Amino acid sequence: MTSPAPQQETFRTLLRSQKVWDTELPAFDPAHAPAGPLPLFHAWFAEAVGAGQPEPHTMQLATVAEDGGPDVRTVMLHDADERGWHFATHASSRKGRQLAARPEAALHFYWAAQGRQIRVRGRVTTAPHAESLADLHARSTGALAAALVGRQSEILPSYEELERSTDAAWERAQAEPDADAPTWTLYVLDPEEAEFFQGDARRRHLRLRYRRDEDRGDEEGAGWVKELLWP
């Protein structure tokens, strides 16, 4: 067997020298977890913000690609309420087309500051256009400008064309803060499962899964079954 190239060996050395959770991890007692996943998500999100986790509102969105394989990217969380977890994109984008063809997805949050992960999966629905626009207009001028540019996932002929389109969109967003973005769509993932992972320095990680089961859920749980999983 030939020796790895110097660059490969340098990479491996660097990779293996990285520390995991170089901080004091919080305690988590699944026995005191709420009956449903939403209150626990709200609590963990607040704790992640309090711990200084950078961009805790970013998450990985996995969809089913046109060829049946997985596809994933990082997007922003727009809300989490009794309807589900909210995110937005252009209906004409690659992920928008994938969701139209197969309206199901998975979300993943990783908050290294506390050694926590959250995984959510379920069916996805689209909000009415008026609600999508209200969500967009509640955000920054930059968010509106980006939505007005549109053409997400299309081939870009040159960076100069992006500059021209972006400048024009910024001008319009500043002049028309209520401008319409026809393809901008708010999506809501209604969870079937939600898993909360608490890392442990001795690798005795805690995994609590909420699984929707209308027949088995107790009254307080409103159809959720809680289960511990092996790490």
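About the thresholds
Residues numbered from 1 in each chain as written. Predicted model: local features only at pLDDT ≥ 70, side-chain atom pairs only at ≥ 80, totals over all residues. Heavy atoms only, no water. Helix = DSSP H or I, 4+ residues; strand = E, 2+ residues; numbered from the N terminus. Buried < 20%, exposed > 50% of the residue type's maximum accessible area, 1.4 Å probe, protein only. Contact = heavy atoms within 4.5 Å. Areas by Shrake-Rupley, 256 points an atom, 1.4 Å probe, with all protein chains shown as cover. Lys, Arg positive; Asp, Glu negative; His and termini not counted. Charge placed at Lys NZ, Arg CZ, Asp CG, Glu CD. Patch = residues over 30% accessible without salt bridge, like charges linked within 9 Å, V, L, I, M, F, W, Y side chains within 5 Å. Salt bridge = Lys/Arg side-chain N within 4 Å of Asp/Glu carboxyl O. Arc of directions from axis to C-beta. Pairing = 2+ DSSP bridges. Polar contact = N/O pair within 3.5 Å; in protein donor to acceptor, adjacent residues only side chain to side chain.

Participant: For the overall build of the protein chain, give the residues involved together with the corresponding values.
Facilitator: In terms of regular secondary structure, the protein chain is built from six helices and nine strands. The principal-axis extents of the C-alpha atoms in the protein chain amount to approximately 60 × 55 × 40 Å. Taken over 231 residues, the protein chain has a buried fraction of 39%. Restricting to contacts in the protein chain with at least 6 residues of sequence separation, those with at least 24 account for 63%. Summed over all atoms, the accessible surface of the protein chain reaches about 13,900 Å², with 52% contributed by carbon and sulfur. Charge separation in the protein chain, taken as the distance between the mean sites of 26 positive and 36 negative side-chain charges, equals 8 Å.

Participant: Lay out a nonpolar patch on the surface with the relevant residues and their values.
Facilitator: Judged by side-chain polarity, Leu156, Tyr159 and Leu162 come together as a nonpolar surface patch covering roughly 300 Å² of accessible area. Its location among the elements puts leucine 156 in the loop between helix H5 (141-149) and helix H6 (159-175). A relative accessible area of 45% places leucine 156 in the partly exposed class.

Participant: Provide a residue-level description of helix H4 (residues 129-137), including the pertinent values.
Facilitator: Looking only at H4, the buried set comprises Ser132, Leu133, Asp135 and Leu136. Projection of H4 onto a plane perpendicular to its axis shows the buried side chains occupying an angular sector of 160°, all on one side. For H4, the elements touching its buried residues are strand S4 (84-90), H5 and strand S7 (184-198).

Participant: So what about the environment of threonine 141? Which residues, and what values?
Facilitator: Note on placement: threonine 141 falls in helix H5. In this structure the C-alpha to C-alpha distance between threonine 141 and glutamate 171, which are 30 residues apart in sequence, comes to 9.8 Å. In contact with threonine 141, other than residues within four places in its own chain, are Trp170, Ala173 and Gln174.

Participant: Explain the pairing of strand S8 (residues 206-212) residue by residue, including any values.
Facilitator: When S7 meets S8, the two strands line up antiparallel, connected through six bridges. The partner of phenylalanine 197 across the bridge, within S8, is arginine 207. Here S8 runs beside strand S9 (residues 224-229); their pairing, made up of six bridges, is antiparallel. Looking at the pairing, arginine 207 lines up with leucine 229 of S9.

Participant: Report on the environment of phenylalanine 28, specifying residues and quantitative values.
Facilitator: Position of phenylalanine 28 relative to the elements: it lies in the loop between helix H1 (6-16) and helix H2 (37-50). Sequence separation between phenylalanine 28 and glycine 199 is 171 residues; the distance between their C-alpha atoms is 9.4 Å. What phenylalanine 28 contacts, discounting residues up to four positions off in sequence, is Leu40, Trp44, Gln198, Leu206 and Leu208.

Participant: Now, about the side chain of glutamine 198: what can you tell me, with residues and values included?
Facilitator: Checked against the element boundaries, glutamine 198 lands in strand S7. Within polar-contact distance, the side chain of glutamine 198 engages the side chain of arginine 116 at 2.6 Å. Residues contacting glutamine 198, with those up to four places away along its chain left out, are Leu25, Pro26, Phe28, Trp44, Gln114, Gly115, Arg116, His205 and Leu206.

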